[in-house]
Amino acid sequence: MDFRLTPEQESFRNEVRAWVKQNLPKEWTSRVISGPDVPRVEAYKFLREWQKRLFDAGFIGLTWPKEYGGRGLTFLEEFILHEEMALAKAPPVLNILGIAMAGPTIIAYGTEEQKKRYLAKILSCEEIWCQGYSEPNAGSDLASLQCRAIRDGDDFRVTGQKVWTSIAQAADWMMLLARTDPDAPKHKGITYFLLDMHSPGVSVRPLRQITGDAEFNEVFFDNVSVPAANVLGGINNGWAVRITTLMYERLALGFGLQVRLRIALDALVGLAQRTKTNGDVASKDPIVRQKLAQLWIDTEAFKYTGARAITKLLKGEMPGAEASTGKIWWCETHQRLQDIAMELQGPYHQLMAGTDRAVDQGLWQYTYLRSRANSVEGGTTEIQKNIIGERVLGLPKG
Amino acid sequence: MDFGFNQEQEMLRATARKFFENECPSTFVRKMMDDPAGVTPDFWQKLAEQGWLGLIYPEAFGGVGLGFVDLAVLMEEMGRAVMPGPYFSTVLLGGLAIQEAGSESQKKEWLTKISGGAAKVTLALTEPNARWDAAGVTLQAREARGGFTLSGTKLFVHDAHTADALVVAARTANAASPEDGVSLFLVPKDARGLEVKLLPTMDQTRKLCEVTLKDVSVGADALVGEKGKGWQPLARVVDRAAVALCAEMCGGAQKILDMTTEYAKIRIAFGKPIGAYQGVKHRAADMLVDVENAKSITYYAAWAVDEQVAEAPLAASMAKAYVSDAYRKVAAAGIQLHGGIGFTWEHDLHLYFKRAKGSEFTFGDATYHRERVAQLINL
Ligand SMILES: Cc1cc2nc3c(=O)[nH]c(=O)nc-3n(C[C@H](O)[C@H](O)[C@H](O)COP(=O)(O)OP(=O)(O)OC[C@H]3O[C@@H](n4cnc5c(N)ncnc54)[C@H](O)[C@@H]3O)c2cc1C
């Protein structure tokens, strides 16, 4: 066990630090005082540019193979990079679904042609990806999805609907799960497609969320033609394709979550240090101190638990229990953080962006509302606990 | 950067687990609960033979010269076995105080003896005021006839009744800062005027004493470290002992989780194993989250105190805060998920439940350490 950086890691860190100092404009950091893990619509433009800069400098897709635009480094460098991003209060990465999900899945299952075609453009943010899994009647029970893809010569024709599809309104491509064999058992008849969002017959309708924003959407497919060459990992093999990259996804998404949590916590500490309650700053209140200290501890615990999983992976072992707990722990901690942010503001917490009276331009109000989704998106907390209970602890299925 | 255990450490874990399964089954633990000594000479000697009494002491003093990460591995296994006896008090309190503050000759004499199993030394720090900070040290040490005279009462002293000597924290001066003027003295147990009373404790696997000193005279050579400068080394001892305790607590919590998931697979209710019900399954998942986080933050703290990085005190307090709550919660959940059997004296769960409670308050509970974290992050 050793937390010191090797000289090479140290120089990598310095490289990142120096670059961020040069290339992250101040006004970009201020927008993400405690930004959500999926960026807001109004920020897409600058976030696209931010990711492009990261790509040009070689700070994105660190663990991807060099021939596809990555750097062939390990999760350890990724860990170091993200610590630096948290320190610098860097904005989130816009094409995160492409980077954490589509890309790794293509790397694992794609043909050479597919890898050449898609991977580098994911990293550079030239092509944004969305995830077309959930449907009105298939969320937690994803395998019961009904969106159909029917073979038609060299193509498939897709008809059906997806819902809660984040960033679909800006996306160029979709990871689509569709049913190709309705007669097979439900896990066996699903195929993973790479779907061009600009195809005729695709329509996207933004859905307004409790924040007032519309970051997720409904997506309708009306007889959309998808070339068979865009099947990933074999026909009717979609469920296996989705499952095998799950752990990688957890870790890859986990880095971003760690950064968001740390930035939010630092902002909260700042808020406590300047908010007056009963005549003194809130940070002097013994109960507030207890709550903030606990958040600090829980944020660190999240980081080190992730670090243990990474170490196992680097040693060629399968991460065990330590890789499974991060998501629910993160949700619990972040939602509690946002609750405390509201509490600190007292009656001011009611004021949204649009008045000078709002605290921090109303950003906390947005993040507070946005945080409710944390325990739903990407698999609900209940489902995560089922998975931990059954796969990690070996308890029987219900 | 590497956040895992090396091969030697994995081997130590395997050896220790086997050793405790053989030498420290719960039948032994229960015998020691009823035995005032809390340990047998035979068991103690075996710990010495394994090299575990001197695990963290330098080889020059009869130790093995390993670090706190290695120790954490061993302590986890001890916690898993709810090992009774004065290991913690001797190796991590009395012995560590001598290592941190003592002179070469004190170290040579006492650490060698401890490592070989020939002596037990505890630390008499806390008092009836139940404070963990420097201001809690009020026992007076007056200079007299070239030596010192100690008077006062120490409470919650681990294993004083079986120790050969005590490192006593005393006040030699009342300065503006309570951290100044604390001195450490090595007092033989048979010193005149020193009285030890064994107290009945909830956790019977861990013995606590009240120690009264009435005009106890010691020579100048009894001083451990510099006069009036005892708090700094003591604070390091307390941080390190707290981290070691956290590791022990993690081991206990993991054992409860293991027992509980095993039980949830075989106990049938309404025609199904109880583990199939989400009320049970989700609580077990919560236990796992607590156990894994507890380990992560403890391992980091073990590394931090070992390397003496600047963040070590913060790391120690983060760990003690987290683990104090986690072990208590996990132990309570374990009893709940066992139903009536979990409430019996016969079942081992209560041994862990009580150890969790005792450990929670040893060197400060979560509330105390969260406030310390708040201070250390400059809140
Ligand atoms: C902000 C946001 C962004 C999203 N982005 C995307 C996206 O980009 N792409 C995409 O495909 N999806 C996306 N989702 C959808 C998300 O993955 C689903 O909402 C989630 O998987 C839950 O499915 P559901 O909404 O159908 O709820 P349901 O599955 O109907 O669940 C309702 C409730 O029942 C509980 N429940 C269900 N089954 C069980 C069970 N077996 N045991 C115990 N409790 C159970 C759930 O935990 C939940 O509390 C997003 C969701 C949100 C909120």
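Here the structure is shown first, and the text comes after it.
Overview of the structure. All values reported here derive from a predicted model rather than from experimental measurement. (Residues numbered from 1 in each chain as written. Chains lettered and ligands numbered in written order. Predicted model: local features only at pLDDT ≥ 70, side-chain atom pairs only at ≥ 80, totals over all residues. Heavy atoms only, no water.)

1. Digging into the overall build of chain B
Looking only at helices and strands, chain B has 11 helices and 10 strands in total. What you see for chain B is a C-alpha radius of gyration of 21 Å, in line with the 21 Å of a compact globule of 379 residues. Taken along its principal axes, the extent of the C-alpha atoms in chain B is 80 × 50 × 40 Å. Long-range pairs, those at least 24 residues apart, make up 75% of the contacts in chain B with a sequence separation of at least 6. Put simply, chain B shows about 14,400 Å² of open surface, and 53% of that area lies on carbon and sulfur atoms. The distance from the centre of the 41 positive side-chain charges to the centre of the 46 negative ones in chain B is 5 Å. (Helix = DSSP H or I, 4+ residues; strand = E, 2+ residues; numbered from the N terminus. Rg over C-alpha atoms; globule rule 2.2 N^0.38 Å. Contact = heavy atoms within 4.5 Å. Areas by Shrake-Rupley, 256 points an atom, 1.4 Å probe, with all protein chains shown as cover. Lys, Arg positive; Asp, Glu negative; His and termini not counted. Charge placed at Lys NZ, Arg CZ, Asp CG, Glu CD.)

2. Here's the deal with the pattern of salt bridges
Scanning the entire structure with this criterion turns up 54 salt bridges over all chains. Its salt-bridge partner being Arg240 of chain B, residue Glu100 of chain B comes within 3.6 Å of it at the nearest N-O pair. Here the residue Glu100 of chain B occupies a position in helix H5 (residues 87-101), and Arg240 of chain B occupies one in helix H7 (residues 231-266), the gap between them amounting to 140 residues. A residue is classified by how much of its surface remains accessible, and Glu100 of chain B, at 18% relative accessible area, is buried. The salt bridge involving Arg328 of chain B is made with Glu360 of chain B; its shortest N-O contact spans 2.7 Å. A residue pair is termed long-range when its members are at least 10 positions apart, and Arg328 of chain B in helix H9 (residues 312-338) and Glu360 of chain B in helix H10 (residues 349-361) qualify at 32 residues. Linked through salt bridges whose partners overlap, the residues forming this network are Glu83, Lys89, Arg262, Asp266, Glu300 and Lys303 of chain A. (Salt bridge = Lys/Arg side-chain N within 4 Å of Asp/Glu carboxyl O. Buried < 20%, exposed > 50% of the residue type's maximum accessible area, 1.4 Å probe, protein only.)

3. Comments concerning the nonpolar core
Ranked by internal contacts, the top residues of the largest apolar core, which has 242 residues, are Phe221 and Leu268 of chain A together with Phe20, Leu47, Trp52, Tyr87 and Leu92 of chain B. Ala124, Val157, Val218 and Ala222 of chain B belong to the second-largest nonpolar core, a separate cluster that totals 21 residues. (Core = buried A, V, L, I, M, F, W, Y, C linked by side-chain atoms within 4.5 Å.)

4. Considerations on the packing of helix H1 (residues 7-23) of chain A against helix H4 (residues 75-87) of chain A
Residues and elements named next belong to chain A. In the contact formed by H1 and H4, the axes pass within 10 Å of each other and the chain directions differ by 35 degrees. Here the hand of the crossing between H1 and H4 comes out right-handed. Note on element contacts: H4 touches H1 through Leu76, Glu77, Ile80, Leu81, Glu84, Met85 and Leu87, opposite Gln9, Phe12, Arg13, Val16, Arg17 and Val20. Looking at the contact of H1 with H4 residue by residue, the class counts come to eight nonpolar, one polar and four charged. (Axes fitted to C-alpha atoms, helices over the stretch in contact; angles between N-to-C directions. Left-handed = near helix turned anticlockwise from the far one by under 90°. Nonpolar A, V, L, I, M, F, W, Y, C, P; charged D, E, K, R; others polar.)

5. Overview of helix H2 (residues 26-34) of chain B
Buried residues of H2 of chain B: Phe28, Val29, Arg30, Met32 and Met33 of chain B, and no others. Buried residues in H2 of chain B make contact with helix H1 (7-23), helix H3 (41-50) and H10 of chain B.

6. Details of the site of the ligand
Taken together, 19 residues lie near the ligand, and Ser140, Trp164, Thr380 and Glu382 of chain A together with Gln278 of chain B sit nearest. Near the ligand, the surrounding residues belong to chains A and B. Within the backbone of Gln131 of chain A, an N or O atom sits 2.8 Å from a nitrogen atom of the ligand. Separating a nitrogen atom of the ligand from a side-chain N or O atom of Gln278 of chain B is a distance of 2.7 Å. Protein chains shield 68% of the accessible area of the ligand, which is 960 Å² for the free molecule. (Near = heavy atom within 4 Å. Polar contact = N/O pair within 3.5 Å; in protein donor to acceptor, adjacent residues only side chain to side chain.)

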